[in-house]
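Residue-level listing of the chains:
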Amino acid sequence: MSTTTSSTPTPGAAVPRTIDVSGTAPVPFGRLVAVELRKSYDTRAGFWLLGTIAGLVVLAEGIATAVGITQDNSPGLDFGAFVGVAAFVTAVLLPVLGIMLVTSEWGQRTAMVTFSLEPRRPRVVAAKYVVGLILTVATALVAVAIGAVCNAFLGLGIGGADWTFGWDYFVGFLIVQSLAMTSGFALATLLLSTPAAIVVFFAYSYVVPTILALASAFLDWFEPISDYIDFQRAQVPLRDLSISGGEQWGQLLVSAAVWLVVPLALGLRRILRAEVK
Amino acid sequence: MITVEGLTRTYGAYTAVDDVSFVAQPGRVTGFLGPNGAGKTTTMRIMVGLTPPTRGSVTIGGHRYADIPNPGRHVGVLLDASAQHAGRTGREILTLGARTMGLPMSRVDEMLALVSLDDSEAKRRLRNYSLGMKQRLGIAHALLGDPSVLILDEPANGLDPAGIRWMRGLLKGYADRGGTVLLSSHLLHEVELIADEMILIGHGRIVAQGDKESLLREERPSTLVTSLDNDRLAAALQAAGVGVTPAGGGLRVDADPTSVGRAALEAGVVLTDLRSGSRGLEDLFLQLTASTQREQPAPPTAPFAQTQPTQGAVR
Ligand SMILES: Nc1ncnc2c1ncn2[C@@H]1O[C@H](COP(=O)(O)OP(=O)(O)O)[C@@H](O)[C@H]1O
Ligand SMILES: [Mg+2]
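Residues numbered from 1 in each chain as written. Chains lettered and ligands numbered in written order. Predicted model: local features only at pLDDT ≥ 70, side-chain atom pairs only at ≥ 80, totals over all residues. Heavy atoms only, no water.

What to know about the overall build of chain B
Here is step 1: Counting its secondary structure elements, chain B contains eleven helices and 14 strands.
Here is step 2: In chain B, which comprises 315 residues, the proportion classed as buried is 56%.
Here is step 3: For chain B, restricting intrachain contacts to residue pairs at least 6 apart in sequence, the fraction spanning at least 24 positions comes to 71%.
Here is step 4: As presented, chain B carries roughly 12,600 Å² of accessible surface, and 51% of it is formed by carbon and sulfur atoms. (Helix = DSSP H or I, 4+ residues; strand = E, 2+ residues; numbered from the N terminus. Buried < 20%, exposed > 50% of the residue type's maximum accessible area, 1.4 Å probe, protein only. Contact = heavy atoms within 4.5 Å. Areas by Shrake-Rupley, 256 points an atom, 1.4 Å probe, with all protein chains shown as cover.)

As structure tokens, this is what we get:
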């Protein structure tokens, strides 16, 4: 009871009615991030999700190497291409990671404890998001490291590897993968349920673009509108950072507002008001 | 000190917590007692900001819970021992709490020892814990930050008799050192030995509060009476504004035996049995919360089933 008073209260003695909190610092944000990071891998589900991401990146890049070696001199298989191969895997799994960061808390009801220890809920959500970004960067670095190993093997196999590494591709990769993770994260805050968020996420990333393309094909007037709604397509010029001009930026920002900002804003509102059960 | 003022929480048309006010003093164990669904958990959830109140306010040591920095260092909370990740080990759960609060890891071992969870038990995943073990872990979690206020919802649930005795000693010692302890229960016998103060809640309302002696002292006089014409006697008593409820083959009357005898005389009803119905705490508890007891539907004379608060001597 060090926080109550300087002297040890004895039975019957006057006991303080107020708690002096002036000497207690709020939980530092960095500590929240460290705890949330630990929570992302200290359960089987979290551990295996991270392990699966790493494993599939190895597998995809390994297959690319094997193809590169057997089909001698396959065109354009350089260091940067390995990172591109990894993107196929991470584009699917990083959103799941973003979802799990949020929903594992609700599915297991640990939110009750988390929000008791830090009642300022936006700080907890922000800490979780920072963990999502950290894990996205870590995934990118793992992809690059594995890519380097695979490229060295390829070099041994075909004699002389191409070590061209496009920094634009790498930065573009980081941004696009962060956006993918963010999409999952945003939907999860809104739905607060793992299966619902995963289903909605994949519906939106694969079904919505198809519907938009179909609608644009049949309705001339819809096509320009569709360009401003289709978040997947708006991200294409981000992959190599070739994005330029008011139109491309406009399409990116408007579609991002529709698919990221709106769900995240509604989701945050829901989390802040939710009765945590 | 926990101060609850005019707390109300409604769910649609249903009022789960109805204008609840009380104070839990430092240095004392306050028992929060009421049948299932009385509103204990809801009240405690509002205290720590997990449920927003419809009206009213709670302060802990003079602060709103949300305004307390690093609240785990000041207020220990156990609301639901099962609300933890089933796949985490007991030690990991405490480690996460200790890290959040910025405590040394030695604190985790201290707390595990305090609640008698041994090394092998601490390494098991929560899904393999019995309810009693979860409860011990939850108490350890609440005590991690060496808080000066404890809020425990049904902490004795699932504990064996030895565990309940252990907890009683733990909480008594805690209050003796100046801590504030609020613990809820739906079982009187769990609370009456630990609690210095008791708050009785039924149907979302406080029906009585005070220490054990003052609660019994404040108990309204009560009489058990049987007559040849219970209906006429009941009507006569009710006409005089006295509460009457059927009890077995007779009536329970909220008045002393003399008044009941006099009423019978005036009504010309022959009494076959008349005795004091003065009761212990258990009966008081049942009586005060009668209108909310699922096992005892409200009697037909419901308006007379007294649910007005009995205010014990509250310091
Ligand atoms: N989210 C909710 N929606 C509707 N009713 C609720 C909700 N939470 C609690 N209640 C109701 O409020 C009443 C009080 O519940 P609770 O506080 O859990 O009682 P206790 O802990 O005393 O058993 C119960 O009737 C319960 O069904
Ligand atoms: Mg309850």
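More follows now that the structure is in view.
A look at the overall build of chain A
Here is step 1: The helix and strand tally for chain A stands at ten helices and zero strands.
Here is step 2: Shown N-terminal to C-terminal, the secondary structure of chain A runs as helices and strands in the order α-α-α-α-α-α-α-α-α-α.
Here is step 3: Here chain A has a C-alpha radius of gyration of 24 Å; the compact-globule value for 277 residues is 19 Å, and the former is much larger.
Here is step 4: Viewed in the frame of its principal axes, chain A has a C-alpha envelope of about 90 × 55 × 35 Å.
Here is step 5: Surface accessibility of chain A: about 13,200 Å² in total, with carbon and sulfur atoms responsible for 70%.
Here is step 6: For chain A, the distance from the average position of its 16 positive side-chain charges to the average position of its 17 negative side-chain charges is 22 Å. (Rg over C-alpha atoms; globule rule 2.2 N^0.38 Å. Lys, Arg positive; Asp, Glu negative; His and termini not counted. Charge placed at Lys NZ, Arg CZ, Asp CG, Glu CD.)

Some details on helix α2 (residues 44-70) of chain A
Here is step 1: Taking 1.5 Å per residue as the helical rise, α2 of chain A with its 27 residues ought to reach 39 Å, and the 38 Å between its terminal C-alpha atoms agrees with that figure.
Here is step 2: Looking only at α2 of chain A, the buried set comprises G46, L49, I53, V57, A60, E61, A64, T65 and G68 of chain A. (Expected span 1.5 Å × (residues − 1).)

Topic: empty space enclosed by the protein
Here is step 1: Inspection of the entire model under this criterion finds four cavities of 30 Å³ or more.
Here is step 2: Put simply, the largest cavity is a space of about 240 Å³.
Here is step 3: Forming the boundary of the largest cavity are 24 residues, of which V113 of chain A together with V77, L78, L79 and H141 of chain B lie nearest the centre.
Here is step 4: Going through the elements one at a time, α4 (111-117) of chain A together with β5 (75-78), α2 (90-101) and α5 (131-143) of chain B are the ones with two or more residues in the lining of the largest cavity. (1 Å grid on protein atoms, 1.4 Å probe; cavity = no way out; pocket = protein on both sides within 12 Å on 5 of 7 lines; lining within 4 Å. Points joined across faces, edges and corners; volume = space filled by probe spheres on them.)

Remarks on the domain arrangement of chain B
All names here are of chain B.
Here is step 1: Once the domains are mapped, chain B shows domain 1 (2-213) and domain 2 (219-291).
Here is step 2: Computed over C-alpha atoms only, the centres of domain 1 and domain 2 are separated by 40 Å.
Here is step 3: At the junction of the two partners, domain 1 supplies 13 residues and domain 2 supplies five residues.
Here is step 4: Between domain 1 and domain 2, the buried area comes to about 730 Å², and carbon and sulfur atoms account for 83% of it.
Here is step 5: When residues of domain 1 are sorted by the area they lose upon contact with domain 2, L188, L200 and V207 head the list and together hold 52% of the total.
Here is step 6: Across the contact surface, domain 1 and domain 2 share zero residue pairs in polar contact (both at pLDDT 80 or more).
Here is step 7: Listed by contribution, the elements that provide at least two residues to the side of domain 1 that touches domain 2 are α7 (188-192), β8 (197-202) and β9 (205-210).
Here is step 8: For the side of domain 1 that touches domain 2, the leading source of residues is β8, giving four residues.
Here is step 9: Each residue belonging to the side of domain 1 that touches domain 2 can be placed in one class, and the counts come to eight nonpolar, three polar and two charged. (Domains from an automatic or database assignment. Buried area = accessible area lost by both parts, 1.4 Å probe. Polar contact = N/O pair within 3.5 Å; in protein donor to acceptor, adjacent residues only side chain to side chain. Nonpolar A, V, L, I, M, F, W, Y, C, P; charged D, E, K, R; others polar.)

Considering the sheet that holds strand β2 (residues 14-24) of chain B
All names here are of chain B.
Here is step 1: Spatially, β2-β1-β4 is the arrangement adopted by the three strands of the open sheet, whose pairing is antiparallel. Each end of this open sheet is capped by a strand with a single partner; those strands are β2 and β4 (55-60). Averaged over all adjacent pairs, the angle separating strand axes in this sheet is 20 degrees, with direction ignored.
Here is step 2: Sheet strands in contact with helix α1 (residues 40-47) are β1 (2-11), β2 and β4, and its direction is about 115 degrees off that of β1. (Pairing = 2+ DSSP bridges. Axes fitted to C-alpha atoms, helices over the stretch in contact; angles between N-to-C directions.)

Some words on the packing of α2 of chain B against α5 of chain B
Axis angle and axis distance: for two packed helices, these are the angle between their axes and the distance between the axes, and together they describe the pair.
All names here are of chain B.
Here is step 1: The geometry of α2 relative to α5 is characterised by a closest axis approach of 10 Å and an angle of 15 degrees between their N-to-C directions. By the angle between their directions, the pair α2 and α5 is classed as roughly parallel. Helix-helix and strand crossings are classified by hand; for α2 and α5 the assignment is right-handed. Residue-level inspection shows G90, I93, L94, G97 and M101 of α2 in contact with α5, the latter providing L137, A140 and H141.
Here is step 2: Taken together, the residues of the contact of α2 with α5 sort by class into five nonpolar, three polar and no charged. (Parallel < 35°, antiparallel > 145°, perpendicular 65-115°, else oblique. Left-handed = near helix turned anticlockwise from the far one by under 90°.)

Topic: the packing of aromatic side chains
Here is step 1: A complete count under the given rule lists eight aromatic pairs over all chains for this structure.
Here is step 2: A ring pair is formed by F47 of chain A and W48 of chain A, whose centres lie 5.7 Å apart and whose planes are at 85 degrees; its orientation type is edge-to-face.
Here is step 3: Taking the relative accessible area as the measure of exposure, F47 of chain A reaches 46% and is therefore partly exposed.
Here is step 4: Where F201 of chain A meets Y204 of chain A, the ring centres are 5.5 Å apart and the plane angle is 85 degrees; that geometry is what we call edge-to-face. Taken together, the residues F201 of chain A and Y204 of chain A, both in helix α7 (residues 194-218) and three residues apart, mark about one turn of the helix. Neither F201 of chain A nor Y204 of chain A differs from the other in exposure class; each is buried.
Here is step 5: An aromatic cluster is defined as three or more aromatic residues linked by ring pairs; in this entry it consists of F201, F202, Y204, Y206 and W259 of chain A.
Here is step 6: Over the ring of W166 of chain B we find R136 of chain B; its NZ or CZ atom is 5.0 Å from the centre of that ring. (Phe/Tyr/Trp six-rings, centres within 6.5 Å; stacked < 30°, edge-to-face > 60°. Lys NZ or Arg CZ within 6 Å of the ring centre and 35° of its normal.)

Considerations on the layout of surface pockets
Residue and element names in this part refer to chain A.
Here is step 1: In this structure, the largest pocket occupies an estimated 640 Å³ of space.
Here is step 2: Contributing to the lining of the largest pocket are 24 residues, with A87, A91, V176, Q177 and R239 lying nearest its centre.
Here is step 3: When contributions to the lining of the largest pocket are tallied by element, the ones reaching two or more residues are α3 (79-107), α6 (167-191) and α7.

Re the interface of chain A and chain B
Accessible area lost upon the coming together of the parts is a frequently used measure of interface size.
Here is step 1: With 42 residues of chain A at the contact, the number on the chain B side is 52 residues.
Here is step 2: Note on chain A versus chain B: buried area summed over both sides is about 4,100 Å², and carbon and sulfur give 56% of it.
Here is step 3: Here chain A is connected to chain B by three salt bridges.
Here is step 4: In this structure, D80 of chain B and R109 of chain A form a salt bridge, with 2.6 Å as the shortest nitrogen-oxygen distance.
Here is step 5: Taken together, the connections running from chain A to chain B amount to 19 residue pairs in polar contact (both at pLDDT 80 or more). (Salt bridge = Lys/Arg side-chain N within 4 Å of Asp/Glu carboxyl O.)

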